[in-house]
Every structure is written in C-alpha cells, then in structure tokens.
Amino acid sequence: MDVNETRKLQKLLKLNQEQVYHVFCLALAMGVLDGDMEPNEAEMLTRIGMALGLKPQDIEVISKNAHESIKETSISDLLAYSITRLKQLLTSEQLEGVVMILDYMAHHDTGLHIEESEVVNIAKSIWFGDDKKKK
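Residues numbered from 1 in each chain as written. Predicted model: local features only at pLDDT ≥ 70, side-chain atom pairs only at ≥ 80, totals over all residues. Heavy atoms only, no water.

**Student:** Would you mind showing me how to read the overall build of the protein chain here?
**Tutor:** Looking only at helices and strands, one finds seven helices and zero strands in the protein chain. Buried residues in the protein chain amount to 41% of all 135 residues. Long-range contacts, defined as pairs at least 24 residues apart, comprise 76% of the intrachain contacts of the protein chain with a sequence gap of at least 6. Of the accessible surface of the protein chain, which amounts to about 7,500 Å², a share of 52% is contributed by carbon and sulfur atoms. (Helix = DSSP H or I, 4+ residues; strand = E, 2+ residues; numbered from the N terminus. Buried < 20%, exposed > 50% of the residue type's maximum accessible area, 1.4 Å probe, protein only. Contact = heavy atoms within 4.5 Å. Areas by Shrake-Rupley, 256 points an atom, 1.4 Å probe, with all protein chains shown as cover.)

Have a look at this one:
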C-alpha cells in the first residue's frame, strides 16, 4: 500500500476512533489467521494503522487488546464482532474501502490462504449481500 493509496483511503473512509479500532482489528486478524504474523504482514499492519491515523503507541495498544481478545475468546469471535459492528457503523462506500484493506492484507503474505479468502467473502456477504461476495 503506497502513500497515494493510503491518502485516498483516509479521505474515503473518514473513520472515527471506534471504527478505526474495528478496521484495524480485522486487518490484524487477517494477518494472524493462518498462524503467526509474518514480518512483512506486521509491517503492512503498521502501515495500515498509520494510514488510519493511528500513532505507533495506539497500534501497540490495539494490537495487544486484539491479541488478548483472541486468546480469551477466539479469532472467529473477534472477526464476527468487528464485521457486524462495522456494518452498523459504516456506509457502503466506507465498507468498500475496508474490503480493500482486507484484500490487501489477505494477499500480502506468501500467498492467499483459503481462510483469508473466506473471511473476505463472509465480510462482503454480510456487508453487501451475496451478489458482491464473488467480486
């Protein structure tokens, strides 16, 4: 994700603090879904956090909270809650921007894993209905 993409994304999304939290949690979950987060995924997550307007210490705190949430419940619970909450909070245009982030995280590691693809499809189905799931 280059500087121009992140600027466009920031302008498009216009997210408040709660919305940024859930988008970042989804991106983090995409990074750890297939096991441990690879160094390049961690770097990409930091870039996404910065593009969302987070400071390094904010990224650290949110990451810690998300990891604790995953340990206490499950990654599925974290994904389900954030996907559902964002549907309540965001417009369809904003959700399209979030899909861009999820797609980017899903394709940024050594290859698209089936779990990551399924999460993106589930989010699209919940946010836009089954007609956009395949796109």
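**Student:** What's the story with the packing of aromatic side chains in this structure? I'm lost.
**Tutor:** Two measures describe an aromatic ring pair: the distance that separates the ring centres and the angle between the ring planes. According to the stated counting rule, one finds one aromatic pair in the structure shown. Plain terms: the ring middles of Trp 127 and Phe 128 are 6.4 Å apart, the flat faces sit at 85° to each other, and that makes the pair edge-to-face. Side by side, Trp 127 and Phe 128 carry an identical accessibility label, which is buried. (Phe/Tyr/Trp six-rings, centres within 6.5 Å; stacked < 30°, edge-to-face > 60°.)

**Student:** I would appreciate a short explanation of the packing of helix α2 (residues 17-32) against helix α5 (residues 75-89) in the present structure.
**Tutor:** How two helices sit against one another is set out by the angle between their axes and by the gap between those axes. Between α2 and α5, the shortest axis-to-axis distance is 9 Å and the interhelical angle comes to 145°. The chirality of how α2 crosses α5 is left-handed. Here α2 contributes Glu 18, Gln 19, His 22, Val 23, Cys 25, Leu 26, Ala 29 and Val 32 to the contact with α5, which in turn contributes Ile 75, Leu 78, Leu 79, Tyr 81, Ser 82, Ile 83, Arg 85, Leu 86 and Leu 89. The residue makeup of the contact of α2 with α5, split by class, is twelve nonpolar, three polar and two charged. (Axes fitted to C-alpha atoms, helices over the stretch in contact; angles between N-to-C directions. Left-handed = near helix turned anticlockwise from the far one by under 90°. Nonpolar A, V, L, I, M, F, W, Y, C, P; charged D, E, K, R; others polar.)

**Student:** Where do I start with the nonpolar core in this structure?
**Tutor:** Most often, soluble globular proteins keep nonpolar side chains buried together rather than apart. Grouped together as the largest cluster of nonpolar side chains are 39 residues, with contacts concentrated most on Phe 24, Leu 26, Leu 52, Leu 86, Val 98, Leu 102 and Trp 127. Looking at which element gives the most residues to this core, the answer is α2, with ten residues. (Core = buried A, V, L, I, M, F, W, Y, C linked by side-chain atoms within 4.5 Å.)

**Student:** In this structure, what is going on with the pattern of salt bridges? I would like to understand it.
**Tutor:** Enumeration over the complete set of coordinates arrives at two salt bridges. Note that Arg 47 and Glu 43 form a salt bridge whose closest N and O atoms lie 2.6 Å from each other. Here the residue Arg 47 and the residue Glu 43 both occupy positions in helix α3 (residues 39-51), the gap between them amounting to four residues, near one helical turn. When its relative accessible area of 44% is taken as the criterion, Glu 43 is described as partly exposed. (Salt bridge = Lys/Arg side-chain N within 4 Å of Asp/Glu carboxyl O.)

**Student:** How do you make sense of α3 when you look at a structure like this?
**Tutor:** Since the α-helix packs 3.6 residues into each turn, any two residues three or four apart lie on the same face. When the terminal C-alpha atoms of α3 are compared, their 18 Å separation across 13 residues agrees well with the 18 Å that a helix rising 1.5 Å per residue should span. The set of residues buried in α3 consists of Glu 41, Met 44, Leu 45, Ile 48, Gly 49 and Ala 51. One side of α3 holds all its buried residues, which, seen down the axis, span an arc of 160°. Phi turns positive, to about 95°, at Gly 53, one or two residues after α3. (Expected span 1.5 Å × (residues − 1). Arc of directions from axis to C-beta.)

**Student:** Would you mind going over α5 with me for this structure?
**Tutor:** With 15 residues, α5 should reach 21 Å at 1.5 Å per residue; the first-to-last C-alpha distance of 21 Å fits that figure. Buried within α5 are the following residues: Ile 75, Leu 78, Leu 79, Ser 82, Ile 83 and Leu 86. Down the axis, α5 shows its buried residues gathered within 120° of arc, on one side only. Projecting away from the buried face of α5 at angles above 90 degrees are the exposed residues Tyr 81 and Gln 88.

**Student:** Is there a simple way to explain the environment of Val 20 in this structure?
**Tutor:** Note that Val 20 resides in helix α2. Residue classification places Val 20 among the buried residues on the basis of a relative accessible area of 5%. Residues contacting Val 20, with those up to four places away along its chain left out, are Leu 15, Leu 52 and Leu 54.

So, to be careful, I would describe these as geometric facts and stop short of saying anything about function.
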